[in-house]
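Overview (structure and organization)
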Amino acid sequence: MPSVFSDLSPHPIVQAPMAGGASCPELAAAVCDAGGLGFLAAGYKTPEAMYQEIKRLRGLTQRPFGVNLFMPQPCVADPSAVEVYREQLAGEAAWYETPLGDTDGSTDDAYEAKLAILLDDPVPVVSFTFGCPSRAVLDAFGKTGTLTVVTVTSVAEAQAAQWSGADAVCVQGIEAGGHQGTHHDDPQADGTASGVGLLTLIAQVREAVQLPIVAAGGLMRGGQIAGALAAGAAAVQLGTAFLVTTESGANALHKRAMTEPLFTGTQLTRAFSGRPARGLVNRFIREHGPYAPAAYPQIHYLTAGLRKAAATAGDPQGMALWAGQGHKLARQLPAGQLVEVLTAELEAARATLTLGAAT
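Here's a quick rundown of the structure. Just so it is clear, the model here is predicted, and its values are computed rather than measured.

Enumeration according to the criterion identifies 10 salt bridges in this entry. Between Arg-56 and Glu-26 there is a salt bridge, and its shortest N-O distance comes to 2.6 Å. With a gap of 30 residues between them, Arg-56 in helix 3 (residues 47–60) and Glu-26 in helix 2 (residues 25–33) connect regions that are remote in the sequence. Given the relative accessible area of 41%, Arg-56 is considered partly exposed.

Locating Glu-87 in the fold gives a position in helix 4 (residues 79–88). Considered as a pair, Glu-87 and Leu-100 are 13 residues apart in the sequence and their alpha carbons are 9.8 Å apart.

One open sheet holds the 3 strands; their spatial order is 7-11-10, and the pairing between them is antiparallel. In the strand order of this sheet, the two ends are held by strand 7 (178–179) and strand 10 (266–269), each with one partner. As judged from the 4 bridges shared by strand 10 and strand 11 (residues 277–280), these two strands associate in the antiparallel manner. By the bridge assignment, Gln-267 is partnered in strand 11 with Gly-279.

Let's shift gears to unusual backbone geometry. Residues Tyr-296 and Pro-297 are joined by a peptide bond in cis, for which omega reads 5 degrees. You will see that Glu-97, though not glycine, has its phi angle at about 55 degrees, which is positive. Of note, Phe-130 is a non-glycine position whose phi angle comes to about 75 degrees, a positive value. Here Phe-130 shows up in the loop between strand 4 (125–129) and helix 7 (135–144). Judged by relative accessible area, which is 2%, Phe-130 ranks as buried.

Okay, the nonpolar core next. Core analysis: the biggest nonpolar cluster contains 96 residues, and Val-67, Leu-69, Leu-118, Phe-128, Val-171, Leu-238 and Phe-242 have the highest contact counts within it. Once residues lying within four places of it in the same chain are set aside, the contact partners of Leu-118 are Met-50, Ile-54, Val-67, Leu-69, Val-123, Val-126 and Phe-141. Core analysis: the next-biggest nonpolar cluster, separate from the first, contains 14 residues, Leu-8, Val-14, Leu-147 and Ala-234 among them.

Criteria and thresholds
- Residues numbered from 1 in each chain as written.
- Predicted model: local features only at pLDDT ≥ 70, side-chain atom pairs only at ≥ 80, totals over all residues.
- Heavy atoms only, no water.
- Salt bridge = Lys/Arg side-chain N within 4 Å of Asp/Glu carboxyl O.
- Helix = DSSP H or I, 4+ residues; strand = E, 2+ residues; numbered from the N terminus.
- Buried < 20%, exposed > 50% of the residue type's maximum accessible area, 1.4 Å probe, protein only.
- Pairing = 2+ DSSP bridges.
- Core = buried A, V, L, I, M, F, W, Y, C linked by side-chain atoms within 4.5 Å.
- Contact = heavy atoms within 4.5 Å.

Encoded structure:
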C-alpha cells in the first residue's frame, strides 16, 4: 500500500463519511483505534457543529482521521418541477402531520466557512463529494500537510481531480449506498440508472491517472477487499458495513432494516433528495421515486421534515434507508471488532491467493 495511506492507518480500511448522523466521533474513533481510518461527515452540518465534532473526535483518539465536505452545487432545479413534486407529497405531509420544507435553503453547504476552519486548524485528511475543488484550494491544504481525496465516479472526474492537484481519488462504484458522488448531476440524464461497477471503474481509473485509489461500493467482506486491492486500489472505503455497528449514530430503525427480510433490495432514487442515491426500496421510493425531479438540495430540504417524522413515528417506510448492494451481509458488531474481522478475512484471502498462485 502506498505510504500516503499506510502512514495514516495500519490497515487499508476507511470508514466512509456518512452524512446524516451515522459518522459520529465515537464511530470514527473506534475505527481509528482499531487501525483503520475513521471519517467525520461535515455535510448538512453547520461549520460550528463540524468544528465541535472534530474537537470531540480529537478527545477520543490520537490517531489520524478525515473530514468530508460537500462541494457547492449549481442551481439545476426547475422550480415548476419542484412545486409539482411538493403537491405530490401533500398526502405524506398530512399523514405524518408535518409541513413540507422550504426549498430556498443554501446550495453551498457553508463550504467556504468550513474550508476556513479546516485550513486554520488542519486535520490529517479532507475528502470532497459532489465535485472537485479548485487547484488553489487543494494547494492550500497541501501547504498545511492535509491529504486531499476527491470522490469520483468516472475516468473524466478522476482526471479532473488529478489535474486540480488532489492527492488521491475515492473511486465510487454503482454498488455504493447513499448518494452517488458525481461531479455534475445532469437533469436530462437518467442518473438513477447509469453508472459503472467498482472493479471495472478501478481498472479504468488506474490506467487513466497516477493517483492512489480508495475503492468504494458494496464492499462488506475481507475477500472483496482483497479483490479491490488486487485490482489496483491502495485502500477501500466501507459505509454500509459500518452503518450497523454499535458506535454508529444511525437510527436504530435504519440499522435493523439492513438485514430485515422485508427489505429485499436497493435502488437508486431521487425521491428523498433530488440527487441519485442508493437506498433500501420502501414505500416512499416506490410511490415517489418515478416522479422526483433532479433538484438537489431543494428536494432534500423539501422532504427533511417527512423523513424525521417517519423516524419519530417508527415507520421505516417513510425514511431514507441508505444502503449499498451488499446490505444483507451487514454484521452488527462493535466497529473496532469489525475492523479486526475484516482484516483477518483480508489476510486469509491474500493467503489463499498466494497459495493458489504457487500451485
